[in-house]
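# Remarks on the overall topology
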4 protein chains.
Amino acid sequence: MNTRTGNWLAVLLVAAIVTAPALAAEVRYEAHFPDLPGYVTLKCDLHMHTVFSDGLVWPTVRVAEMWRQGFDAMAITDHIEYQPHKKEVPTQHNRPYELAKGAAEAHNLLLIRGTEITRDTPPGHFNALFLGDVAPLDTADFVEAVRQANVQGAFVFWNHQGWKGPEKGRWQDVHTTLFENKWFQGMEICNDDDYYPEAHRLCMEKNFTMLCNSDIHEPDLRKKSSSEDHRNMNLVFAKDRTPEAIKEALFARRTVVWFKDQLIGRKEYLEPLFQRCVEVVPPRVWPGKTQRNAWIELRNVCQADIQLERPGEWRPEKLVLPARSTTLVRVPITPGAKRVELKYTAKNFLIAPDTPLEVTLVIAKP
Amino acid sequence: MNTRTGNWLAVLLVAAIVTAPALAAEVRYEAHFPDLPGYVTLKCDLHMHTVFSDGLVWPTVRVAEMWRQGFDAMAITDHIEYQPHKKEVPTQHNRPYELAKGAAEAHNLLLIRGTEITRDTPPGHFNALFLGDVAPLDTADFVEAVRQANVQGAFVFWNHQGWKGPEKGRWQDVHTTLFENKWFQGMEICNDDDYYPEAHRLCMEKNFTMLCNSDIHEPDLRKKSSSEDHRNMNLVFAKDRTPEAIKEALFARRTVVWFKDQLIGRKEYLEPLFQRCVEVVPPRVWPGKTQRNAWIELRNVCQADIQLERPGEWRPEKLVLPARSTTLVRVPITPGAKRVELKYTAKNFLIAPDTPLEVTLVIAKP
Amino acid sequence: MNTRTGNWLAVLLVAAIVTAPALAAEVRYEAHFPDLPGYVTLKCDLHMHTVFSDGLVWPTVRVAEMWRQGFDAMAITDHIEYQPHKKEVPTQHNRPYELAKGAAEAHNLLLIRGTEITRDTPPGHFNALFLGDVAPLDTADFVEAVRQANVQGAFVFWNHQGWKGPEKGRWQDVHTTLFENKWFQGMEICNDDDYYPEAHRLCMEKNFTMLCNSDIHEPDLRKKSSSEDHRNMNLVFAKDRTPEAIKEALFARRTVVWFKDQLIGRKEYLEPLFQRCVEVVPPRVWPGKTQRNAWIELRNVCQADIQLERPGEWRPEKLVLPARSTTLVRVPITPGAKRVELKYTAKNFLIAPDTPLEVTLVIAKP
Amino acid sequence: MNTRTGNWLAVLLVAAIVTAPALAAEVRYEAHFPDLPGYVTLKCDLHMHTVFSDGLVWPTVRVAEMWRQGFDAMAITDHIEYQPHKKEVPTQHNRPYELAKGAAEAHNLLLIRGTEITRDTPPGHFNALFLGDVAPLDTADFVEAVRQANVQGAFVFWNHQGWKGPEKGRWQDVHTTLFENKWFQGMEICNDDDYYPEAHRLCMEKNFTMLCNSDIHEPDLRKKSSSEDHRNMNLVFAKDRTPEAIKEALFARRTVVWFKDQLIGRKEYLEPLFQRCVEVVPPRVWPGKTQRNAWIELRNVCQADIQLERPGEWRPEKLVLPARSTTLVRVPITPGAKRVELKYTAKNFLIAPDTPLEVTLVIAKP
């Protein structure tokens, strides 16, 4: 019987007065991505919904989802204007944040107050994060709503550009207005199941922060994060593990996104990320002077599978390093060499649309 | 972007006026249990919660859960008295049923209107199903609430007996009052993670219907039903696939429950269920006159693993027939026999507390 | 302790004289593919190795692998010429078949005697099946070895064309010689992890039987067959479940192959296979005169996921029907229509290189 | 086509002369168990078979199995006397070791030369490890065979005591003879699917080393090691990662065994193992003076699930810490306390037959 454990937040609040029930246990599996020099790598989903707009779960459910899947930070961003449950759940823009706050603290998750400004296309939907109060954004004029967010110092980004409408996410005058006022700073290059190459291109051209969020409405059924099945994730390279540091990192564009089997971002972050994800273990016994091959171990310490490829004699050599494992590979070496450099293409590390990262694996005699 | 698909019910209602979005697809895996002679076997969960009491999901989420896990029928049974979300979701006792109705129809699920009468222990919590209107049960007096349910012709059962309180589910005068008026007809012998042997014993002694429900409050993360991980399930042996037939079957006590790795029920239903679950395939070539062993195939066509055991020479012979598979086993035979009967104990078919079903496998020369 | 059960064949043979040990149980999961009109669909792997050439397992292991993964028929095809274990396992060309025979009978699997004629490229490797004796094929001249196979009435096919060598599987004079003598009848269009489009093209041009085999050397770790992970499989449409019927079907080119997530074959077999794999369940309540959408169920009864696609308004509509499940989809309909035909491309049903099958789903008012 | 990659050892040997084929990749998942102070924890299986006795795989297959499942060390121990494949694989007692040696080096696995002395019961089967030459043990007299092993300085243990025969593993005069000569030093308390409580008791009474091996004959289908499904494993606490250190540790009885969901061993090793497996993370915000509960995180860093239990008010509190995860639990605390000690029984850490380890979790104000 879990009447009480079902609503664990209530449990927390009344804990002092009830006699102790059986243990309520939740399990978290980390989503491993290495830190970069000078930064901690924080895993964030910054776009999701609850019953307070058109989502189908209570705000505390989102906290439990984030925690068990290894995230560090989250923003609930219910629609301001689209409120289909209004008859059952009267509009309260700040309530999802308030309801989730205690749960987030118990789970040691960073909770960011946010919202989604939901207008038709164009101009489309925009998220505003790090707000102090959502209510002032509930205004008829779209540009005014975005301005209000900026007045509060919010980080604002364009959601799922290219999603719908006959204009298919084409840049319009209204976007120029926002851009020239510096009223939005990022774009979702991925949302739900979709990747938007035009958004990716715009992020590089106009120097926007790249984002990738779940925009989830239903319950998330996942228990862990894996390359085969994980929630959209932003890796944010922050100076420390605080909401303020996430805000600073987002404005400074220090993100890589994990979308399906791909890691996408600026080369300056993807390159060191790859280097810290893959460890090359040289042969235990260094090959003799006539050997043309050697066995090496490649350790992938991160949560994403890594796909490598290089030209082969008969066909391209394809190599997958599964997440959190060691792969034993036989590689060609120059007989007698003390150091071998192997050039690969990291097929699923994307530094621009259709442009994978080139990497070098160094095998050095110990 | 799934703003609209997130709330699929809304989609359904406005389908005629919006342009077609991408396909919204949901997947169902059947939970296979054979029909019994004269009856269809309907898979039911008759106790669950939503945000309209202390649950954490929208009513349509429960429909999606039931459908994808292979159920046929369901009842949402929010608490009448325990309404911790009242400030955000004002009390509307019939609203969960109304909101789930359209979704249930689209999914071809049978939806039963129900509720949970939630009083302290004793007397504990009771569910009432097949109501026309929940509101009249919202009354201060417990016995009066149960009487009101009976006035509407409801099927009423005692939930999670033995759950809590110093009396630990002991039978009280109030239960005698209900019993003598025939105002409750069943008991949960299993609820959530717990099995209540005393409830099991009472069902046999007082001729109650045995039930086993999820009582779920959180989202259900399961995609399929398996012996390792499935939602509590009542197998109801009904005359046809309608709510009325389920009601008739519940009053007639025609149930077997699936709890963890066990099937529990009256022998008169467990025995034919076992016979229809396990098919014995005799050897392709019947053993010669001197052979003392033969290879046979045992096909388990149901969704539950089946555990068999019989005395062995050195140690008991244990045999698991995994769900939906064929097991090849070598069995001892009498040399020259044309028919062999092997007696097993079906360890996980429980006809009474601590009492497994005894079965005979017949291997007959084709 | 499984000294004896380890070698289950030995168990079988000595069963009459030992006292009964605990049950030795093996589990089979069917690989479901529907029969075609007039034919049973037999699942076959016709190319695999054991310690008797360069494989790493005992012949009975191959039988256990086939059985548990839902196959019907198999051929062990050890290399005649390549015998790297000769020092430990002296050459005995017919021994793998003999050792596997009893196990195949106990498992009710059809075992076909075969071998691999292993020459350098060109001409490459060829398999010969349905032999009475492998020994006569152990001869220095390649063409003579193939002729000897034909003398025994064998079905002969070219393995993994395009695999290696500077000629990369190019058709040579020696192939013309065999072809003009009708000394080989099929080609592997898939082998291990590779698909050979040139072999596929040649099968269509020269009317060869299409094949797809595992060519496995290591132990097969798979317990079941699924779209995500299965052993290469030939679906052979045979008149009955006998080796003779398989032979007749292979000569008559009645095959479809299951390679990774694709089903590949001649349109005359792929089309009826699709029709029998997918069942369309019309809406329970037929849509009213103004409705432009309806919910239908698509049941995929086969072991392979099925990928459908059709043009959409904003983007192509992609739909995956997972194996052995039911998918609920909302489809557009003409208001008032009594019958709707939806045209899809079955992306993973390949009737020629790069050419998927076009299909029509018919939704008819019951 | 994997003719060559199939037999990867051959590849290794001829690597210098063939042109480079595609990469042959194998994947390893570590089996995480922490080191103990002063010792490295080495994961070992010391009893397994190949085609050189009654096993069903080539010796190199055993190396690949060990590597991918996260083991450090292994011994192939084919039967000296039981050679059912002799007709196909003539007896060569040292050949399995020789064939596996190169593969073990490439995989950085420690390979120990061993064998199984296989007599009827009594006295049963015994393994001898760290031999220089198996041949001298091939002698008719059982005691002489064991003596020969000791002449070579072998570590000798009694396998699967209690396995079969009417005496069911009862201690006999012959065991006294060996014991008084100090000719055997350990016993398998687990073998294959069986646990032998009498062997466990004898290990404690007579100060034997406790062992737990697979005794596998078939191919091992496992890809990873988990509580749900792993190969029997000895954790050997060695001074360094060498065969010599393993030998020293075995003679010194420094083992804990992992059998199904249990860790079994001497208290002096199980206790520090538990302490290093479970990390207690205190609440981020220490509870106020009136709070009677706190949320803490329990991190289980090892590969085995850990089962905890302590008395509860209504029922025992049961808690499972899944392998390699963090569990969030609410625990009772004394209001105002700066340090809380919670006493649990670690149900699956067994220090004697039927005797679980008692542990204390300390929650200290940071």
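Residues numbered from 1 in each chain as written. Chains lettered and ligands numbered in written order. Predicted model: local features only at pLDDT ≥ 70, side-chain atom pairs only at ≥ 80, totals over all residues. Heavy atoms only, no water.

### Some words on the overall build of chain A
Helices and strands together make up the secondary structure of chain A, namely 9 helices and 19 strands. Against the compact-globule benchmark of 21 Å for 366 residues, chain A has a radius of gyration of 23 Å, which places it among compact chains. For chain A, the spread of C-alpha atoms along the three principal axes comes to 80 × 60 × 35 Å. Counting the 366 residues in chain A, one finds 60% classified as buried. (Helix = DSSP H or I, 4+ residues; strand = E, 2+ residues; numbered from the N terminus. Rg over C-alpha atoms; globule rule 2.2 N^0.38 Å. Buried < 20%, exposed > 50% of the residue type's maximum accessible area, 1.4 Å probe, protein only.)

### Things to note about the packing of helix H3 (residues 59-68) of chain B against helix H4 (residues 95-106) of chain B
All names here are of chain B. Where H3 meets H4, the axes come as close as 8 Å, and the angle between the chain directions of the two elements is 40 degrees. In terms of axis orientation, H3 runs oblique to H4. Of the two possible hands of crossing, H3 and H4 adopt the one that is right-handed. For the pair formed by H3 and H4, the contact residues are Pro 59, Thr 60 and Val 63 on the first element and Pro 96, Leu 99, Ala 100, Ala 103 and Ala 104 on the second. Residues of the contact of H3 with H4, tallied by class, amount to 7 nonpolar, 1 polar and no charged. (Axes fitted to C-alpha atoms, helices over the stretch in contact; angles between N-to-C directions. Parallel < 35°, antiparallel > 145°, perpendicular 65-115°, else oblique. Left-handed = near helix turned anticlockwise from the far one by under 90°. Contact = heavy atoms within 4.5 Å. Nonpolar A, V, L, I, M, F, W, Y, C, P; charged D, E, K, R; others polar.)

### Things to note about the pairing of strand S18 (residues 339-352) of chain A
Residues and elements named next belong to chain A. The buried count for S18 comes to 10 of 14 residues, which makes it a mostly enclosed element. As paired elements, strand S15 (residues 306-310) and S18 share 2 bridges and run antiparallel to each other. In the strand pairing of S18, Leu 308 is matched with Ala 346. Judged from the 10 bridges that link them, S18 and strand S19 (residues 355-364) form a sheet pairing that is antiparallel. If you follow Arg 339 over to S19, its bridge partner there is Ala 364. Here S18 folds back onto S19 in antiparallel fashion, the turn holding 2 residues, of which Asp 354 has a positive phi close to 65 degrees. (Pairing = 2+ DSSP bridges.)

### Considerations on the pattern of salt bridges
Taken as a whole and assessed by the stated rule, the structure comprises 96 salt bridges over all chains. The partner of B:Lys43 in a salt bridge is B:Asp72, and the shortest N-O contact between them spans 3.5 Å. Highlighted residues: B:Lys43 in strand S2 (residues 40-45) and B:Asp72 in the loop between H3 and strand S3 (73-76), separated in sequence by 29 residues. A single burial state applies to B:Lys43 and to B:Asp72, both of which are buried. Put simply, B:Glu279 and B:Arg299 hold a salt bridge, and the shortest N to O gap is 3.9 Å. Of the two residues, B:Glu279 sits in strand S13 (residues 278-281) while B:Arg299 sits in strand S14 (residues 293-300), which places them 20 residues apart along the sequence. When its relative accessible area of 41% is taken as the criterion, B:Glu279 is described as partly exposed. What you see here is one network of salt bridges that share partners, running through A:Asp45, A:Arg62, A:Glu65, A:Asp220, A:Arg222, A:Asp229 and A:Arg231. (Salt bridge = Lys/Arg side-chain N within 4 Å of Asp/Glu carboxyl O.)

### Notes on the sheet that holds S13(B)
Reading across the sheet, the 4 strands line up as S13(B)-S14(B)-S17(B)-S1(C) and stay open at both edges, with antiparallel pairing between neighbours. Two strands in the sheet have a free side with no partner beyond their single neighbour: S13 of chain B together with strand S1 (25-28) of chain C. Ignoring which end each strand starts from, the neighbouring axes of this sheet average 25 degrees apart. With 8 bridges joining them, S14(B) and strand S17 (residues 325-332) of chain B adopt antiparallel strand pairing. Of the residues in S17(B), the one forming a bridge with B:Asn300 is B:Ser325.

### A word on H4(B)
Those residues of H4(B) not exposed but buried are B:Arg95, B:Pro96, B:Tyr97, B:Leu99, B:Ala100, B:Ala103, B:Ala104 and B:Ala106. Where H4(B) terminates, the next one or two residues include B:Asn108, which has phi positive at roughly 60 degrees.

### Concerning the confidence of the model for chain A
Residue and element names in this part refer to chain A. Summary statistics for chain A give a mean pLDDT of 91 and a share of 93% for residues scoring 70 or more. Every residue in residues 1-23 is under pLDDT 50, and counting partners more than four places away or in other chains gives 58 contacts. Reported confidence for the predicted complex is 0.92 by ipTM and 0.93 by pTM. (pLDDT = per-residue confidence, 0-100.)

### Focus: the nonpolar core
Within soluble globular proteins, side chains that are nonpolar tend to cluster in buried spots. Residues and elements named next belong to chain C. In this structure, Leu 263, Phe 274, Ile 306 and Leu 308 are the most contacted members of the largest nonpolar core, which totals 56 residues. With 6 residues, the top contributor of residues to this core is strand S18 (residues 339-352). Contacts of Phe 274, omitting those with residues within four sequence positions, involve Ile 306, Leu 308, Ala 346, Phe 349, Leu 357, Val 359 and Leu 361. (Core = buried A, V, L, I, M, F, W, Y, C linked by side-chain atoms within 4.5 Å.)

### Considerations on the side chain of A:Glu116
Residue placement: A:Glu116 occurs in strand S4 (residues 110-118). Of the side chains bearing the opposite charge, A:Arg119 lies closest to the buried A:Glu116, which forms no salt bridge; the N-O distance is 10 Å. (Lys, Arg positive; Asp, Glu negative; His and termini not counted.)

### Description of the packing of aromatic side chains
All names here are of chain A. Here the structure, examined in full by the defined rule, presents 64 aromatic pairs over all chains. By way of ring pairs, the aromatic residues Phe 126, Phe 142, Trp 158, Trp 171, Phe 179, Phe 184 and Phe 208 are connected into one cluster. When the ring centre of Trp 171 is taken as reference, the NZ or CZ atom of Lys 206 above it lies at 4.6 Å. (Phe/Tyr/Trp six-rings, centres within 6.5 Å; stacked < 30°, edge-to-face > 60°. Lys NZ or Arg CZ within 6 Å of the ring centre and 35° of its normal.)

### Quick word on helix H3 (residues 59-68) of chain A
All names here are of chain A. Along H3, 10 of the 10 residues are buried, which leaves the element largely enclosed by surrounding structure. Here H3 has its buried residues at Pro 59, Thr 60, Val 61, Arg 62, Val 63, Ala 64, Glu 65, Met 66, Trp 67 and Arg 68. Just downstream of H3, Gly 70 is the residue with a positive phi angle, here 90 degrees.

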